[in-house]
Protein chains: 2
Amino acid sequence: MSIVDRLAAARGDTPADLVLRNGQLVNVISGEIYPTDIVIHDRHVVGLGAGYAGQREVDLAGKYVAPGLIDAHAHIESSLVTPPEFARAVLPHGVTTVITDPHEIANVLGLEGMRFMLERAKNVPLNMYVMASSCVPATDMETTGARLEAEDLAPLVDHPWVLGLAELMNYPGVALGDEGMLDKIALFEHRVLDGHAPDMSGKMLSAYVTAGVQSEHECTTLAEAREKLRLGLTVFIREGTTTRNLKPLLPLITAENHSAICFCTDDRIPADLIDHGSIDYMLRIAIAEGVDPMIAIRMGSYNTARHFGLKKYGAVAPGKYADLLVLPDLRDFRPEQVYRGGELVAQNGAMVGERGVSRRIDLRSTVNIGAGKLDFSIKAKGERIRVIGTIPDQVVTDQRVEWAKIVDGFALSDIERDILKFAMVERHRASGNIGLGFIKGFGLRRGAIAGTVAHDHHNLAVIGVDDVSMRRAVAAIVEMGGGLALADGEAVLARLPLPVAGLMSELPIEAVRDQYDEMIAAARKLGNQMSDPYIVMSFMGLEVIPKLKLTDLGLVDVEQFKLVDLFV
Amino acid sequence: MSIVDRLAAARGDTPADLVLRNGQLVNVISGEIYPTDIVIHDRHVVGLGAGYAGQREVDLAGKYVAPGLIDAHAHIESSLVTPPEFARAVLPHGVTTVITDPHEIANVLGLEGMRFMLERAKNVPLNMYVMASSCVPATDMETTGARLEAEDLAPLVDHPWVLGLAELMNYPGVALGDEGMLDKIALFEHRVLDGHAPDMSGKMLSAYVTAGVQSEHECTTLAEAREKLRLGLTVFIREGTTTRNLKPLLPLITAENHSAICFCTDDRIPADLIDHGSIDYMLRIAIAEGVDPMIAIRMGSYNTARHFGLKKYGAVAPGKYADLLVLPDLRDFRPEQVYRGGELVAQNGAMVGERGVSRRIDLRSTVNIGAGKLDFSIKAKGERIRVIGTIPDQVVTDQRVEWAKIVDGFALSDIERDILKFAMVERHRASGNIGLGFIKGFGLRRGAIAGTVAHDHHNLAVIGVDDVSMRRAVAAIVEMGGGLALADGEAVLARLPLPVAGLMSELPIEAVRDQYDEMIAAARKLGNQMSDPYIVMSFMGLEVIPKLKLTDLGLVDVEQFKLVDLFV
């Protein structure tokens, strides 16, 4: 099949593969909803209107037809599964295209990791496009498994699945003219450049935008989003598992400005994807809160396609891929059928057809720690310590100063004041680096939790009441080659293997979700009250989000952008 | 100066080149108008907001600041001058960027002609982008000076000033899957593809769009424009000298669909550009007719930049070129100042600064006719003839059948019934081809008019009462190496030399306009009542616009898409 066949079907000279009759088309280009037949041939829409015959014809009985949804920015790794299973989670929700930044695996495995994601996306009925990870590592205050400079990214500039440069998280570096950042920006000058600049404003923000950045998904307040939109950034409103920005930002959206607004998920865990959905969830909330369905659908499809220059996506029109949704109700936006490239891939919330078989790819081991030698003891060098203060439902933290609990010259966890020991163990190069600190908010009264998911360096994070539990949890993860573990003394009470780079499982997403639920339940038994302590822990090492964070090199004061001592 | 300097100015660390204070910014991205300072450094906007210092500061005293206008589709050759003079005509009207299709000169001189236009656009304070001419020749029913196949266009695909493939005028060919057209489309698959499909609708139109075409500027009726917009074509509303589509199409524009609508001029003669303007004229009309100024401005700037992927154009925001207009009044849209790349280039309707000196470029002679041998006699082969019927203010024609005036066995012009002889003389290859026919509507009672501007093959068109006048007018054009001429018997009464490809003069546009006015006045004296007989004549050979046209190979029935006999 080729363009010649599509033209013949478009002219009506040969029957089309499929004609969807009696649908109400949500035409996001003209802004109208009206009845029409939709004609599909060789993966594409080839016609709209009456008088076509199809080899197959489906009567939609007046149901709505909308374009497949597009997630403007997502880290698939956060779903804890690889692209084929991620696709099975989001396709039944109507997401047919996702713009990904594989910077989690890139921090662990570099280009090899990005190539793994591209390989795993082949033959998957989800369109996965990639933004080349721009900040690996995020800063020099951490140790990662890989380092990507401009020359490393050069082969990606013209890759057919690469659209541009991913979130420029080193936002002070960009605004200050850091040479490495400018080299990467110059390399992708003619492509799309994504931003990440939480709380940035005024002149520094103007400098950041002047550098060529085109989007921002870190807005949390209306004032912040308004300023960024006015400066020309396309605002990706984000609704992740921990970063829930949709409701606060809904008042931003107007008929006049919405073409510069898109929707994205950034990071969502398996249970969220399965139970609540993805971009479809955002559409339901937005529409329920009063956003016009046409505007909401555009933000979830057409606007994103235009922003990224994806000419064949985002609308149901001739020449575009037949990625479309059949919906009984536009307000309760739940796709009854999901077509991708003209094939029915999901129906009534479930995938159609069997799982494909993924080709085996041998990735190298990514957990390189001498487990026997781990020493988490903290010699008291003072009486008062900096403590990371978690804030419910946020990835930013407080920086607190507390009295240390000192016994025999060593600082220990203090369960009465909920100040627990926190260690970040370098796991890529067996360097022996361990960052040590204390954290407040996890509430464990016994044991320890640990994991190799720790944005974005993905060293091994462990929080515990005692060093024995902490070491045991780490050892369990080493045995699994990466993952999450919970230990109480020498007993490992729960574990979730994530053998792909210590970030992902290749098991079905439903199985991963069950194991993950068990991990959360086990933590709850030890005293943690968070809805998900593992995802909170995973952001406690991300030194590009304020205020106090811990890397394998030590505590980072993000606002000062430097390493600081534990003891004040 | 580099990005490093721009970032320093954006941060406020160094003073900016220029700060425009107290302006009312028309922010086409956020859809708001609000007071702000605009900070310009090294050709770019680098900041919006207070607190910046500039080496120069200008108080705008509350005037509006809007982005420089963008013409979505223009043939500069139709201004009868080369890019430097075209720029001097449109810049004072606020047009800072023009997307051109140089297919007039390309039909005469091929790639050499396109390179001439690119060369002439250098160092001109107008941003000129090029769409690679897709239909040279338009069809096989004409003789042109050059022929551009896909392999000829290949070097243009990645040219920094080339945005895509120009209007695909062979619309039946595209829809029917003509191999040469599909080769060109495949070549520019990842770039922008402009359309041209007058009156096309239904399945054939679906096929045309399915082929990858993205825009259309030939809509003349509301119903036509609505159908094309719904099928996903960006509608360029056109207001040319002869093709005045703006008012009929204004009802198309809504708040919901306007992001898929742009403005263009296509072909405008010098007097129109000088007296009435360009895209600014369209904005004034649209706003006067009730279109919201924000929407009108977007259609004249932002929407066009987005359609063509011109990231650094179409809005006043950091990182974009400082192409902007200062306006005392948004409704009577007349720019008081025009900045291009941060430089003041026009003020109060006139250019600032002297004309630049254009480098001499030796183009080959393009009028190759053995003038002595011209024979316009038409032996009567029947009694009734096909006659081209002009229609006021249209480039389409009627196909009429009339009794021939036959004297001594030859068909002659009949001034009583206004049926005049019309010849199309091949002028590129001295082939001796002469297409002969008759045309109604020019009203000459004596003499002949002739010109080497004859879309798109640009052979030498001549319409006259007698063969002597016709031969003399042609001879005058041969002497000039191209241009327009009017003769009465052996006397040449008016002439306009167009030595550049027989299409353009390198004189100042004001001088060309004066000569052109004299040409029109001279025709009026001979009986022509049209506002501009030369531009009407120039479209009478364009065999891709219905119904009956004349090329050097003979009469073309456009709807049948074939050559037909003069005698019925």
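In this text, all values refer to a predicted model and were calculated from it rather than measured experimentally. (Residues numbered from 1 in each chain as written. Chains lettered and ligands numbered in written order. Predicted model: local features only at pLDDT ≥ 70, side-chain atom pairs only at ≥ 80, totals over all residues. Heavy atoms only, no water.)

**Q** Help me understand the overall build of chain A, please; the structure alone is not making it clear to me.
**A** Each helix and strand counted, chain A has 16 helices and 31 strands in total. For 568 residues, the compact-globule estimate of 2.2 N^0.38 gives 24 Å, and the C-alpha radius of gyration of chain A, at 24 Å, lies within 12% of that figure. Dimensions of chain A along its principal axes, counting C-alpha atoms only, are 85 × 50 × 45 Å. Evaluated residue by residue, chain A yields a buried proportion of 65% over its 568 residues. Residue pairs at least 24 apart in sequence account for 68% of intrachain contacts in chain A once pairs closer than 6 positions are excluded. The centroid of the 57 positive side-chain charges in chain A is displaced by 1 Å from the centroid of its 75 negative side-chain charges. (Helix = DSSP H or I, 4+ residues; strand = E, 2+ residues; numbered from the N terminus. Rg over C-alpha atoms; globule rule 2.2 N^0.38 Å. Buried < 20%, exposed > 50% of the residue type's maximum accessible area, 1.4 Å probe, protein only. Contact = heavy atoms within 4.5 Å. Lys, Arg positive; Asp, Glu negative; His and termini not counted. Charge placed at Lys NZ, Arg CZ, Asp CG, Glu CD.)

**Q** Would you mind showing me how to read the sheet that holds strand β11 (residues 215-216) of chain B here?
**A** Backbone-to-backbone hydrogen bonds join strands into a sheet, with any given pair of strands oriented parallel or antiparallel. Residue and element names in this part refer to chain B. If you walk across this open sheet you meet the 3 strands as β11-β12-β13, and the pairing is parallel. Taken across any chain shown, the strands that pair with only one partner, and hence form the sheet edges, are β11 and β13 (261-264). Bridge analysis of β11 against strand β12 (residues 234-238) gives 2 bridges, and the strand direction is parallel. Bridged to glutamate 216 within β12 is valine 235. (Pairing = 2+ DSSP bridges.)

**Q** Honestly, the nonpolar core in this entry has me stumped. Any pointers?
**A** Soluble globular proteins: nonpolar side chains tend toward being buried together. Core analysis: the largest hydrophobic core is formed by 369 residues, its most contacted members being Ile38 and Tyr534 of chain A together with Ile38 and Tyr534 of chain B. Per element, the largest residue contribution to this core is 9 residues, and it comes from helix α3 (residues 103-121) of chain A. Residues within four places of tyrosine 534 of chain B in sequence aside, it is in contact with Ile449, Leu484, Leu486, Tyr516, Met519, Ile520 and Ala523 of chain B. One finds Val367, Val425, Ala476 and Val492 of chain A within the second-largest nonpolar core, a separate group that totals 19 residues. (Core = buried A, V, L, I, M, F, W, Y, C linked by side-chain atoms within 4.5 Å.)

**Q** Sorry if this is basic, but what is going on with the pairing of strand β19 (residues 397-403) of chain B here?
**A** All names here are of chain B. Both strand β18 (residues 384-390) and β19 contribute to a ladder of 7 bridges, which runs antiparallel. When the sheet's bridge partners are listed, glycine 389 is paired in β19 with aspartate 398. What sits between the antiparallel neighbours β18 and β19 is a turn of 6 residues, in which aspartate 393 has the positive phi angle 60°.

**Q** How do you make sense of the side chain of aspartate 42 of chain A when you look at a structure like this?
**A** All names here are of chain A. Checked against the element boundaries, aspartate 42 lands in the loop between β2 (32-41) and β3 (44-48). A polar contact of 3.3 Å, which involves the side chain of aspartate 42, links it to the side chain of arginine 43. Discounting chain neighbours no more than four positions away, the residues touching aspartate 42 are Met1, Ser2, Arg6 and Asp17. (Polar contact = N/O pair within 3.5 Å; in protein donor to acceptor, adjacent residues only side chain to side chain.)

**Q** Would you explain the packing of aromatic side chains in this entry?
**A** Geometry of an aromatic ring pair is reported as the spacing of the ring centres plus the angle between the planes. Here the structure, examined in full by the defined rule, presents 8 aromatic pairs over all chains. Each ring, one from phenylalanine 236 of chain B and one from phenylalanine 308 of chain B, has its centre 5.8 Å from the other, and the planes form 40°; the classification is tilted. With phenylalanine 236 of chain B in strand β12 and phenylalanine 308 of chain B in the loop between α14 (302-307) and β14 (324-327), this residue pair connects regions lying 72 residues apart in the sequence. Both residues of the pair, phenylalanine 236 of chain B and phenylalanine 308 of chain B, count as buried. Grouped by ring-pair contacts, the aromatic residues Tyr129, Tyr313 and Tyr321 of chain A constitute a single cluster. The ring of tyrosine 34 of chain B is capped by arginine 230 of chain A, whose NZ or CZ atom sits 3.5 Å from the centre of that ring. The ring of tryptophan 403 of chain A is capped by arginine 384 of chain A, whose NZ or CZ atom sits 5.4 Å from the centre of that ring. (Phe/Tyr/Trp six-rings, centres within 6.5 Å; stacked < 30°, edge-to-face > 60°. Lys NZ or Arg CZ within 6 Å of the ring centre and 35° of its normal.)

**Q** What should I look at first to understand the interface of chain B and chain A in this one?
**A** By a widely used convention, the size of an interface equals the accessible area lost when the partners come together. The interface is formed by 52 residues belonging to chain B together with 52 residues belonging to chain A. Across the interface of chain B and chain A, roughly 4100 Å² is buried in total on both sides, 55% from carbon and sulfur atoms. Across the contact surface, chain B and chain A share 2 salt bridges. Between glutamate 32 of chain A and arginine 230 of chain B there is a salt bridge, and its shortest N-O distance comes to 2.9 Å. Counting every contact that joins chain B to chain A gives 18 residue pairs in polar contact (both at pLDDT 80 or more). Grouping the amino acids of the side of chain B that touches chain A by side-chain chemistry returns 26 nonpolar, 15 polar and 11 charged. (Buried area = accessible area lost by both parts, 1.4 Å probe. Salt bridge = Lys/Arg side-chain N within 4 Å of Asp/Glu carboxyl O. Nonpolar A, V, L, I, M, F, W, Y, C, P; charged D, E, K, R; others polar.)

**Q** What exactly am I supposed to notice about the packing of helix α7 (residues 202-210) of chain A against helix α1 (residues 3-11) of chain B here?
**A** Each pair of packed helices gets described by two things: the angle between the helix axes and the distance between those axes. Between α7 of chain A and α1 of chain B, the shortest axis-to-axis distance is 7 Å and the interhelical angle comes to 155°. As summarised for this structure, α7 of chain A and α1 of chain B are arranged roughly antiparallel, according to the angle between their axes. Where α7 of chain A crosses over α1 of chain B, the handedness of that crossing is right-handed. Contacts between α7 of chain A and α1 of chain B involve Lys203, Met204, Ser206, Ala207 and Thr210 of chain A on the former and, on the latter, Ile3, Arg6, Leu7, Ala10 and Arg11 of chain B. Of the residues contributing to the contact of α7 of chain A with α1 of chain B, the split by class is 5 nonpolar, 2 polar and 3 charged. (Axes fitted to C-alpha atoms, helices over the stretch in contact; angles between N-to-C directions. Parallel < 35°, antiparallel > 145°, perpendicular 65-115°, else oblique. Left-handed = near helix turned anticlockwise from the far one by under 90°.)

**Q** Quick question: what am I supposed to make of helix α15 (residues 467-480) of chain B here?
**A** In an α-helix, one full turn covers 3.6 residues, which means residues spaced three or four apart are oriented alike. Residues and elements named next belong to chain B. For α15, spanning 14 residues, the distance from its first C-alpha to its last is 20 Å, which sits close to the expected 20 Å at 1.5 Å a residue. Those residues of α15 lying buried are Ser469, Met470, Arg472, Ala473, Val474, Ala476, Ile477 and Met480. The residue sitting at the N-terminus of α15 and contributing the capping side-chain oxygen is aspartate 466; that oxygen lies 3.2 Å from the backbone nitrogen of valine 468. Count one or two residues on from α15 and you reach glycine 481, which has phi positive near 70°. (Expected span 1.5 Å × (residues − 1).)

**Q** Teacher, can you tell me more about the relation of the copies chain B and chain A here?
**A** For the pair of chain copies, the relating operation is a rotation around an axis with a shift along it. Under the fitted operation, chain B is carried onto chain A by 0.0 Å of movement along the axis and a turn of 180°, and the coordinates agree to an RMSD of 0.1 Å. As the rotation angle and translation indicate, the two copies are arranged about a two-fold axis. The fraction of interface residues of chain B whose copies in chain A are also interface residues reaches 100%, indicating that both copies meet through the same surface. (Least-squares fit on C-alpha atoms with pLDDT ≥ 70 in both.)

**Q** Quick question: what am I supposed to make of the sheet that holds strand β29 (residues 554-557) of chain B here?
**A** Residue and element names in this part refer to chain B. Ordered in space as β28-β29-β30, the 3 strands form an open sheet in which the pairing is antiparallel. Every interior strand has two partners, whereas the edge strands, β28 (548-551) and β30 (562-564), have only one. Taking each pair of neighbouring strands and ignoring which way they run, the sheet shows an average axis angle of 45°. Of the strand pairs in this sheet, β29 and β30 are connected by 3 bridges, and their pairing is antiparallel. Across the sheet, residue valine 556 finds its bridge partner in β30, namely leucine 563.

**Q** What's the story with the confidence of the model for chain A in this structure? I'm lost.
**A** Close inspection of predicted coordinates is inappropriate for parts of the model with low pLDDT. Put simply, chain A has an average pLDDT of 95, and 100% of its residues get 70 or more. With a pTM of 0.94, the predicted complex shows an ipTM of 0.92. (pLDDT = per-residue confidence, 0-100.)

**Q** So what exactly am I meant to see when it comes to unusual backbone geometry here?
**A** Among all residues save glycine, negative phi is the norm, and among peptide bonds the norm is trans. Residue and element names in this part refer to chain A. Of the consecutive residues histidine 455 and aspartate 456, the connecting peptide bond is found in the cis state with omega at -15°. Looking at the element boundaries, aspartate 456 is found in the loop between β25 (448-451) and β26 (460-464). That bond from proline 546 to lysine 547 is cis: its omega, -5°, falls within 30 degrees of zero. Inspection of the secondary structure assignment puts lysine 547 in the loop between α16 (533-539) and β29 (548-551). If you check the backbone angles, histidine 458 has positive phi at about 55° while not being a glycine. Along the chain, the position of histidine 458 falls in the loop between β25 and β26.

**Q** Looking at this structure, how should I read a nonpolar patch on the surface?
**A** On the surface, Val407, Phe410 and Leu412 of chain A cluster together to form a nonpolar patch covering roughly 200 Å² of accessible area. Topologically, phenylalanine 410 of chain A is positioned in strand β22 (residues 410-412). (Patch = residues over 30% accessible without salt bridge, like charges linked within 9 Å, V, L, I, M, F, W, Y side chains within 5 Å. Areas by Shrake-Rupley, 256 points an atom, 1.4 Å probe, with all protein chains shown as cover.)

**Q** Honestly, a negative patch on the surface in this entry has me stumped. Any pointers?
**A** Residue and element names in this part refer to chain A. Together, Glu151, Asp178, Glu179 and Asp183 line one region of the surface with negative charge. With respect to the element layout, aspartate 183 can be found in helix α6 (residues 179-187). Residue class for aspartate 183 comes out partly exposed when judged on its relative accessible area of 42%.

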